Amino acid sequence: MPNAEKLAKKQKYFDKLQDLCVNSSAALIVHVDHVTSKQMQDIRLEMRGRATVLMGKNTMIRKALQLGHENHPNVGMDVLRSNIRGNIGFIFAQTCTLDDIRDVLRRFRKESPAKAGMISMVDLSLPSGPTGMDPSQTAFFQALNIGTKIVKGQIELVSEFPILKNNEKVSASASVLLQKLGIKPFEYGVEVKQVYQDASVFDAAVLDIGNDVLIAKFLAGIANMAAFSREMGIPTEAGLPHAFGNAFRNIAALLADVDFTFKEVEEVKKFLADPDAYAAANPSAAGPAAGAGGGGGGGAAKEEKKAAAAAVEEEEEEDMDFDLFS
């Protein structure tokens, strides 16, 4: 049985974690594999007063979140508890944003050499050319079957050689050779894996989505809604501009050969009556068409007539638009 001092220490940790989950605006779930204590100390100092870094054993974290969910069922601690796996910790934002925390984490990353038996995190190839090593050290290259030659008293690689492959173990020979070449292929730091916010947990990749991506996705959704509503014949706010535009083109087609007119259709009738004269009077509107034809105003007028005829023929097939005015 744990003594009273250990129980008090555990209870203090439970209370702190639960309080941070309830009162913090958001938190980052981070992985700290291969992170040194010096890196963690520097990160804590940098974020002091702005965010709280909290580590702990997974069993204690799960127990604290279980008890916290019973006291605060609407905070989402049960969802957070189901994502406690691996060597993880929390960084709770208090007076800063999640992007501010990520900027700090990027600054405290450390390069590391490749040690024998480690799992490589990158694909690495040695480039062809001089290595700066003297001819007495050719044994390291021979152990890895790397083609070399001696040029001006130093070893040169004949061709590019892949020495590390992602998700494969680093061999002892590759480790020694990389250390002799002064290459540190790995970089370790606190890795942001998930975000805890508004009683839910989601992947950290969401933080990299910018406003331009959100706007593009929103506009694509509006376009899909408009197309769907037009196909089904159900009017929606997104589809109304297209419905009115098609209706106007239908009216213009009906009035093309009659004497009746109104203000909005006058420009269309002028163009249909004499495309060449209209193009001459409106060079800004006819410019792109003339440039595309490459044969002067006559070619542009023919292309305009064909486009207008195709548009009229296409719109005549849409019975719904005619129903609006029947």
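Counting of residues starts from 1 at the beginning of each chain's written sequence and follows it residue by residue. For a predicted model such as this one, the threshold for reporting local features is a pLDDT of at least 70, and the threshold for listing and counting side-chain atom pairs is 80 or more; totals across whole chains, interfaces and linings nevertheless cover every residue. Only hydrogens and water are removed before side-chain values are computed, so all heavy atoms of the structure are retained for them.

Draft legend 1. Up close: the overall build of the protein chain. Runs of E in the DSSP output that reach at least two residues are strands. Runs of H or I that reach at least four are helices, and both are numbered from the N terminus. Secondary structure summary: the protein chain contains 14 helices and 12 strands in total. Here the protein chain holds 326 residues, and 31% of them are scored as buried. Residues are treated as being in contact if the distance between any of their heavy atoms lies within 4.5 Å. Once local pairs closer than 6 in sequence are excluded, the contacts in the protein chain between residues at least 24 apart make up 71%. Surface exposure of the protein chain reaches about 20,300 Å², of which carbon and sulfur atoms provide 54%. Each residue gets one of three labels from its accessible area relative to the maximum for its type: buried under 20%, exposed over 50%, partly exposed in between, using a 1.4 Å probe on protein chains only. Each accessible area is a Shrake-Rupley result for a 1.4 Å probe, and residues are judged covered by the shown protein chains and nothing else.

Draft legend 2. Representation of the sheet that holds strand 2 (residues 51–54). Here the rule is simple: two strands pair whenever DSSP picks up at least two bridges between them. Spatial strand order, 2-3-1-11-12: five strands in an open sheet with antiparallel pairing. Two strands lie at the open edges of the sheet, namely strand 2 and strand 12 (200–203), each paired on one side alone. On average, each strand axis in the sheet is tilted by 25° relative to the strand beside it, whichever way the strands run. Summarising the sheet, strand 2 and strand 3 (residues 88–93) pair through four bridges and their orientation is antiparallel. Bridging from a neighbouring strand, leucine 54 pairs with phenylalanine 90 of strand 3. To obtain each axis, a line is fitted to C-alpha atoms, and for helices this fit is confined to the stretch in contact; angles are then taken between N-to-C directions over 0 to 180 degrees.

Draft legend 3. Spotlight on the environment of glycine 76. Note that glycine 76 resides in the loop between helix 3 (58–71) and helix 4 (77–81). Linking glycine 76 and glutamine 197, residues 121 residues apart in sequence, is a C-alpha distance of 8.9 Å. When residues no more than four places from it in sequence are discounted, the contact partners of glycine 76 are Tyr196 and Ala199.

Draft legend 4. Quick look at helix 7 (residues 172–181). Considered for burial, the residues of helix 7 that qualify are Ala174, Ser175, Leu177 and Leu178. Elements that come into contact with the buried residues of helix 7 comprise strand 5 (124–126), helix 6 (138–143) and strand 9 (161–164). Immediately downstream of helix 7, the backbone of glycine 182 shows phi near 75°, a positive value.

Draft legend 5. Representation of the packing of aromatic side chains within the structure. Here a pair means two rings of Phe, Tyr or Trp (six-membered ring of Trp) with centres within 6.5 Å. Their orientation is stacked below 30 degrees between planes, edge-to-face above 60, and tilted elsewhere. What the rule picks out here adds up to two aromatic pairs. Both rings, one in phenylalanine 90 and one in phenylalanine 92, keep their centres 5.7 Å apart while their planes meet at 35°; by these two values the pair is tilted.

Draft legend 6. Local environment of the confidence of the model for the protein chain. Of all residues in the protein chain, 85% attain a pLDDT of 70 or more, and the chain-wide mean is 81. Think of pLDDT as the predictor's per-residue confidence, scored from 0 to 100. Long-range and interchain partners of residues 288–298, a stretch whose pLDDT sits below 50, account for five contacts in this model, where long-range means more than four residues apart. When the criterion is pLDDT under 50, residues 315–326 qualifies, and its contacts beyond four places in sequence or with other chains add up to 19 contacts.

Draft legend 7. Representation of the pairing of strand 11 (residues 191–197) within the structure. Strand direction decides the pairing type here: strand 1 (residues 26–31) and strand 11, joined by five bridges, are antiparallel. Counterpart to histidine 31 in the pairing with strand 11 is glutamate 191. Across four bridges, strand 11 lies against strand 12 in antiparallel orientation. Of the residues in strand 12, the one forming a bridge with glutamine 197 is serine 200.

Draft legend 8. Region of interest: a positive patch on the surface. The patches reported here contain residues having more than 30% relative accessible area and no salt bridge. Joining distances are 9 Å for like charges and 5 Å for nonpolar side chains (Val, Leu, Ile, Met, Phe, Trp, Tyr). Salt bridge, as used here: a side-chain nitrogen of Lys or Arg that lies within 4 Å of a carboxyl oxygen of Asp or Glu. Within this scheme the basic residues Lys and Arg register as positive and the acidic residues Asp and Glu register as negative, but His and the chain ends are omitted. A charge is said to be at NZ when it belongs to Lys, at CZ for Arg, at CG for Asp and at CD for Glu. The grouping of Lys6, Lys9, Lys10 and Lys57 at the surface amounts to a positive patch. Considering the arrangement of structural elements, one finds lysine 9 in helix 1 (residues 4–23).

Draft legend 9. A look at the packing of helix 1 against helix 3. For the pair helix 1 and helix 3, the least separation of the axes is 9 Å and the interaxial angle reads 60°. Looking at the two axes, helix 1 sits oblique to helix 3. Helix-helix and strand crossings are classified by hand; for helix 1 and helix 3 the assignment is right-handed. In contact with Lys10, Tyr13, Phe14, Leu17, Gln18 and Cys21 of helix 1, helix 3 contributes Met60, Ile61, Lys63, Ala64, Leu65, Leu67, Gly68 and Asn71. Throughout this entry, Asp, Glu, Lys and Arg are counted as charged residues, while Ala, Val, Leu, Ile, Met, Phe, Trp, Tyr, Cys and Pro are counted as nonpolar. The remaining residues, Gly among them, count as polar. Taken together, the residues that form the contact of helix 1 with helix 3 break down as nine nonpolar, three polar and two charged. Note on terminology: angles under 35 degrees are roughly parallel, angles over 145 are roughly antiparallel, angles of 65 to 115 are roughly perpendicular, and the others are oblique. Note on convention: near helix rotated counterclockwise from far helix by under a right angle means a left-handed crossing. Clockwise means right-handed.

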